[in-house]
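Letter by letter, the chains look like this.
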Amino acid sequence: MPDAASPSVPASAVPPGSVGRAGQWTVAHTRDGQVKAVSSRCRHQLADLSKGSLDKDGCLVCPWHGARYDLDSGAMVEGPKGILWYRGRTPGYTQLVKAYGLFLKLRRRTVVQEGERYVVRD
Ligand code: FES
């Protein structure tokens, strides 16, 4: 039985290659079987990263403007392509946001499997 204070998500809701949500955390299940948790607000414009996706390199991709995050460090490794409702090329702006995204990293947590659930631990 999961600890009521620890956020969790059914393991079946996060198959390999997908992301889901456990409380305030985004849980990512990589294609190679690792399960990791990061904070859910994009450092660009606060999109919900649990609605994002994993790319072929295992990076978490923001659903709004495509900023990419390394799940091991929480750093933004590629800046957004767009701003507000615009989606497209914004070269200088993309680099500027990436520069602060390298330092304003997503928070990370450990995930353990308990029965049929993935539980986020401090
Ligand atoms: S809100 Fe995430 S890239 Fe813009």
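These numbers were taken from a predicted model, which means no experiment stands behind them. (Residues numbered from 1 in each chain as written. Predicted model: local features only at pLDDT ≥ 70, side-chain atom pairs only at ≥ 80, totals over all residues. Heavy atoms only, no water.)

**Student:** Explain the overall build of the protein to me, using residue names and the numbers behind them.
**Tutor:** Within the protein, the secondary structure is distributed over 1 helix and 12 strands. Scanning the protein from its N terminus toward the C terminus, one meets helices and strands in the order β-β-β-β-β-β-β-β-β-β-α-β-β. The C-alpha atoms of the protein give a radius of gyration of 14 Å, which matches the 14 Å a tight globule of 122 residues would have. The C-alpha extent of the protein, read off along each of the three principal axes, is 50 × 25 × 25 Å. In the protein, the share of contacts with a sequence separation of at least 24, taken over all contacts with a separation of at least 6, comes to 42%. Summed over its atoms, the accessible surface of the protein is roughly 6600 Å², and 55% of this surface lies on carbon and sulfur atoms. (Helix = DSSP H or I, 4+ residues; strand = E, 2+ residues; numbered from the N terminus. Rg over C-alpha atoms; globule rule 2.2 N^0.38 Å. Contact = heavy atoms within 4.5 Å. Areas by Shrake-Rupley, 256 points an atom, 1.4 Å probe, with all protein chains shown as cover.)

**Student:** Quick rundown of the side chain of histidine 44? Include the residues and the values.
**Tutor:** On the secondary structure map, histidine 44 appears in the loop between strand 4 (35–39) and strand 5 (53–54). Judged by its relative accessible area of 10%, histidine 44 falls in the buried class. Polar side-chain contacts of histidine 44 include one of 3.2 Å to the side chain of histidine 65. Separated by 2.7 Å, the side chains of histidine 44 and tyrosine 93 make a polar contact. Those residues within four positions of histidine 44 in sequence are excluded, and the remaining contacts are His65, Tyr69, Met76, Pro80, Gly82, Ile83, Tyr93, Val97 and Tyr100. (Buried < 20%, exposed > 50% of the residue type's maximum accessible area, 1.4 Å probe, protein only. Polar contact = N/O pair within 3.5 Å; in protein donor to acceptor, adjacent residues only side chain to side chain.)

**Student:** Break down the sheet that holds strand 8 (residues 76–78) for me, with residues and values.
**Tutor:** Sheet architecture is open: 4 strands sit in the order 5-6-7-8, paired in antiparallel fashion. The strands lining the two open edges of the sheet, one partner per strand, are strand 5 and strand 8. Relative to strand 8, strand 7 (residues 68–69) is paired through 2 bridges, and the arrangement is antiparallel. In the strand pairing of strand 8, tyrosine 69 is matched with methionine 76. (Pairing = 2+ DSSP bridges.)

**Student:** Account for the pattern of salt bridges, with residues named and values stated.
**Tutor:** Using the criterion set out here, one finds 9 salt bridges in the structure. Lysine 56 serves as the salt-bridge partner of aspartate 57, at 3.5 Å between the closest nitrogen and oxygen. For aspartate 57, a relative accessible area of 53% gives the class exposed. By sharing partners, the salt bridges in this structure join Asp55, Lys56, Asp57, Arg68, Glu78 and Lys81 into a single network. (Salt bridge = Lys/Arg side-chain N within 4 Å of Asp/Glu carboxyl O.)

**Student:** Quick rundown of the pairing of strand 2 (residues 18–22)? Include the residues and the values.
**Tutor:** Burial runs high along strand 2: 4 of the 5 residues are buried. Pairing analysis gives 5 bridges linking strand 2 to strand 3 (residues 25–29), with the strands arranged antiparallel. Pairing of valine 19 across the sheet is with alanine 28, part of strand 3. Where strand 2 hands over to strand 3, the hairpin turn is made up of 2 residues, of which glycine 23 adopts a positive phi near 60°.

**Student:** Give me the lowdown on the UniProt feature "domain: Rieske" (unreviewed entry) in the protein, citing residues and values where you can.
**Tutor:** As annotated by UniProt and renumbered to match this structure, "domain: Rieske" (unreviewed entry) occupies residues 6–97. Helix makes up 8% of residues 6–97 and strand 34%, whereas the separation of the span's terminal C-alpha atoms amounts to 32 Å. (UniProt positions renumbered as here; feature names shortened; annotations may be inferred.)

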